[in-house]
Amino acid sequence: MSADVIDLLAGIAPGSALDTVRALRVQARDNAQNSYLSLFAPEEPGDVSLRERFAVAAFVAALHGDTPAAPFYAGRLEAADAAAIAAEVAAGATSGPYGAYPAGPLSVENTPGLVFRVSAAGRAALGGKLAAALEHAHMLVFHPRDSSDAALQALLDAGWTTTGIVTLSQLVAFLAFQIRVVAGLRVLAAVPAGAN
Amino acid sequence: MADTTISQTGHNAPVAFTQAELGWLPWLEPFAETLTERHWAGLVDASRAKSPYFMLLVRDPDILQFRTKTDKDIFYNPNAGLPRAERELAAAAASRFNGCIYCASVHARFASHFSHRKEDVQRMLDAGVGADLGERWNAIVEASVALSATPPVFGAAHVARLRAVGLDDFAITDVINGAAFFNWANRLMLSLGEPELPSK
């Protein structure tokens, strides 16, 4: 049985206070781990290779700033991919959420921000299919409300299948969850009850 | 034939946050073949075979199954922690902040139903996550929003404010799980299709 990744990244030890807290939602805990396994140790990779899964994950995790998930996923990359991803992370770092709403009363809340495109060097190193995935992942991470059917068409045009896009979307969206649970629990562990 | 997207036109798209029951139209073809045992396990509830959203996600049945079971325990498990109304408030706040009109509609409606505070919930939808909802709800909304920022900016001050309004570590973990989960859900609902208003 694999170690629970959220516990590992949040530093939750067996028998600790937060171990007890997480045990109250054991289905959520176990199925967050099962989600991780189904994305990163799938029975069969199907339309998304393991290289693609970890490359996108390393990119997405690092875009979330100072999280132990970043070295965790980057550590699964070959050196050449790790270097290429690190360069794209440096170019893609920003803060969100931003983006546009459908035209109307919410338009006053429209917030411009970086529309990320992979560098020529990154595209050469990673290939066009993976480059398209990183561009889409950046939008999902920072400005998901800018999503469109055109963005999905760009993935199809780059060689993604419909089922591959579903897996890719789940992977990025799952990481947005996993990284936040880890972030939240790390803060909670560092501020024990009665400390304030 | 290569896969293509679906252009949705002619529907009545919402342009504001609402507690109305919205529909959702996919931009990619839902799964159209015969469902296997694995697909049914992915759907978890057989009734979800009627939903274009779940029928699209069921193309990867395993992650759908585990996503759904994670979701259900975070929001429905009645054992201790945060009252259901406030788990839904955390979900609605994350959705309002990220800009997911569909997700916000569902979970604002649930928050209203369980809290009987529909007007307060609507104020958050209308004015945004800075609306004054009273100290306890403000603390929950603020924490959910801080965790939803990318990168997250959730810190010790958020925990302190939640403790000050009476949340124990079980309840604070429900805020964390509820807001974090909607950072998953929002990104799927926003990026794979679009909402529509019910026909009059």
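Residues numbered from 1 in each chain as written. Chains lettered and ligands numbered in written order. Predicted model: local features only at pLDDT ≥ 70, side-chain atom pairs only at ≥ 80, totals over all residues.

A. Fine view of the overall build of chain A. If you tally the helices and strands in chain A, you get 10 helices and 0 strands. Its helices and strands in sequence order give chain A the pattern α-α-α-α-α-α-α-α-α-α, from N to C terminus. The C-alpha radius of gyration of chain A comes to 18 Å, within 12% of the 16 Å expected for a compact globule of 196 residues. Seen through its principal axes, chain A has C-alpha atoms that stretch 50 × 45 × 30 Å. When each of the 196 residues of chain A is scored for burial, the buried share is 48%. (Helix = DSSP H or I, 4+ residues; strand = E, 2+ residues; numbered from the N terminus. Rg over C-alpha atoms; globule rule 2.2 N^0.38 Å. Buried ≥ 20, exposed ≤ 12 C-beta atoms within 10 Å, placed from the backbone.)

B. The arrangement of the nonpolar core in detail. By size, the foremost hydrophobic cluster in this structure holds 117 residues, and its most contacted members are A:Val56 and A:Val172. Looking at which element gives the most residues to this core, the answer is helix α10 (residues 162-190) of chain A, with 17 residues. Summarising the domain contributions, this core has at least three residues from each of domain 1 (23-74 + 192-196) and domain 2 (81-190) of chain B. Filtering out sequence-adjacent residues up to four positions away, A:Val172 remains in contact with A:Val56, A:Val60, A:Ala137, A:Leu140, A:Val141 and B:Arg187. (Core = buried A, V, L, I, M, F, W, Y, C linked by C-beta atoms within 7 Å. Domains from an automatic or database assignment. Contact = placed C-beta atoms within 7 Å.)

C. The domain arrangement of chain B, seen in detail. Residues and elements named next belong to chain B. Segmenting chain B into domains produces domain 1 (23-74 + 192-196) and domain 2 (81-190). Relative placement of domain 1 and domain 2: their C-alpha centres are 25 Å apart. Top element by residues in the side of domain 1 that touches domain 2 is helix α3 (residues 61-76). It accounts for 4 residues.

D. Summary view of the interface of chain A and chain B. Between chain A and chain B, the contact holds 58 residues from the first and 59 residues from the second. In terms of residue count, α10(A) provides more of the side of chain A that touches chain B than any other element does, 20 residues in total. Grouping the constituent residues of the side of chain A that touches chain B by class yields 33 nonpolar, 21 polar and 4 charged. (Nonpolar A, V, L, I, M, F, W, Y, C, P; charged D, E, K, R; others polar.)

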